[in-house]
Every structure is written in C-alpha cells, then in structure tokens.
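Here are the chains, one letter per residue:
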Amino acid sequence: MTWLTYALAGALAASLGTIFAKIGLLKNVDSNILTTVRGIVMAVTVLAFTLTLGKVSISDLKEFEPRTWVFVIISGVCGAASWLFFYYALAHGPASGVTAIDKLSIVMTIALAFLLLGERFTLQAGLGAIMIGLGALLVALPWQQIKNIFS
C-alpha cells in the first residue's frame, strides 16, 4: 500500500469518527468528557495495535533523544488541544461546517511547512491551498456571510 492509500484510509476513519462523535454528543454530554474518553480509547487502541505488531518496546523508547521527547510531547499537547477545540465546536455547530473549517489546518500546515521546515512552496501547492480555503468557507458559512467577508 502506498502513502496515498493510507492517507485516504485515515481520512475515511477521521470522517467516520466525526460522524459517530456527533451522534454521541447528546445535549447533556460535555464535549470535554467525550474528548477525554475518545483519547483514552484511542491510546489503548494504538498501544494494542503497535504491541500486536511488535512495533513498541522499552528499548525503542530508550533510543529517543531528548529533542525527540520534547517535540513528541509538544505534538501531543497540540493534538489534544485540536481535539478539545474540534469537539467543542462539533457540540455547538454542524458536523459539515466544523469539519470544513478544521481542514483549514491543511492550509496552515502548508504555510508552516514552508516557514519552519523549509519545504518547497509551489504554484500547485499555493493554488491548492487557496481552493481548500475557499472550499472550507463555501461549505461552512452562509452565502451572505461569505459575501460580507469579500466586500
């Protein structure tokens, strides 16, 4: 399987996760509690999967340099914040709109990868980012609000 196949499988899994979370978000369920339970389930699932495949061992973790630990921890904190914000938004907004705005992370990642990682910024990537940004607005916002943004 190629990276593209895995990326598409990840996108499908994320989509289903959002739909099931929205269904599970009842009026009396706090989005932070839902996110906490989801995080625990995900941690147990990932751990079980990697242990089953023999991909994790104490010796593997000992090979992490301090810099690796710092950036993995920061990444985990950012991922947790993303989930908390996403599920709070999902509890109060439409799944399609919340997900469309969430996908602006793609545009932000393109820009940050260029600025912080030195990745090439191409015309193709720029046009794609503009299309993603406009698409997110078209899906998430009412037409009158979009017109007000550009007027």
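See the structure shown above.
Conventions used here
- Residues numbered from 1 in each chain as written.
- Predicted model: local features only at pLDDT ≥ 70, side-chain atom pairs only at ≥ 80, totals over all residues.
- Heavy atoms only, no water.
- Helix = DSSP H or I, 4+ residues; strand = E, 2+ residues; numbered from the N terminus.
- Contact = heavy atoms within 4.5 Å.
- Areas by Shrake-Rupley, 256 points an atom, 1.4 Å probe, with all protein chains shown as cover.
- Lys, Arg positive; Asp, Glu negative; His and termini not counted.
- Charge placed at Lys NZ, Arg CZ, Asp CG, Glu CD.
- Buried < 20%, exposed > 50% of the residue type's maximum accessible area, 1.4 Å probe, protein only.
- Salt bridge = Lys/Arg side-chain N within 4 Å of Asp/Glu carboxyl O.
- Core = buried A, V, L, I, M, F, W, Y, C linked by side-chain atoms within 4.5 Å.

Side note on the overall build of the chain
Stage number 1. Scanning the chain for helices and strands turns up 8 helices and 0 strands.
Stage number 2. In the chain, the order of α-helices and β-strands from amino to carboxyl end is α-α-α-α-α-α-α-α.
Stage number 3. Projecting the C-alpha coordinates of the chain onto the three principal axes gives extents of approximately 60 × 45 × 30 Å.
Stage number 4. Considering only residue pairs separated by 6 or more positions, the chain has 64% of its internal contacts joining residues 24 or more positions apart.
Stage number 5. In the form shown here, the chain has an accessible surface area of approximately 11,500 Å², with 73% of it arising from carbon and sulfur atoms.
Stage number 6. Averaged over its 9 positive side-chain charges, the chain has a centre that lies 12 Å from the centre of its 6 negative ones.

Examining the environment of F114
Stage number 1. By the secondary structure assignment, F114 is in helix 6 (residues 104-117).
Stage number 2. Given the relative accessible area of 43%, F114 is considered partly exposed.
Stage number 3. Residues contacting F114, with those up to four places away along its chain left out, are E119 and F121.

Observations concerning the pattern of salt bridges
Stage number 1. Evaluated as defined, the whole model comprises 1 salt bridge.
Stage number 2. D102 serves as the salt-bridge partner of K103, at 3.4 Å between the closest nitrogen and oxygen.
Stage number 3. For K103, a relative accessible area of 36% translates into the label partly exposed.
Stage number 4. In this structure D102 comes out as partly exposed when scored by relative accessible area, which is 25%.

Considerations on the nonpolar core
Stage number 1. In terms of nonpolar packing, the biggest core is built from 8 residues, these being A21, L25, L34, F86, Y87, L90, A95 and V98.
Stage number 2. For this core, the secondary structure elements donating two or more residues are helix 4 (66-92) and helix 5 (95-102).
Stage number 3. For this core, the leading source of residues is helix 4, giving 3 residues.
Stage number 4. Contacts of Y87, omitting those with residues within four sequence positions, involve G17, A21, L25, S31, L34, T35 and R38.

Section: the side chain of T35
Stage number 1. Position of T35 relative to the elements: it lies in helix 2 (residues 31-52).
Stage number 2. With sequence-adjacent residues up to four places away left out, T35 is seen in contact with W83, L84 and Y87.

These figures capture arrangement, not role.
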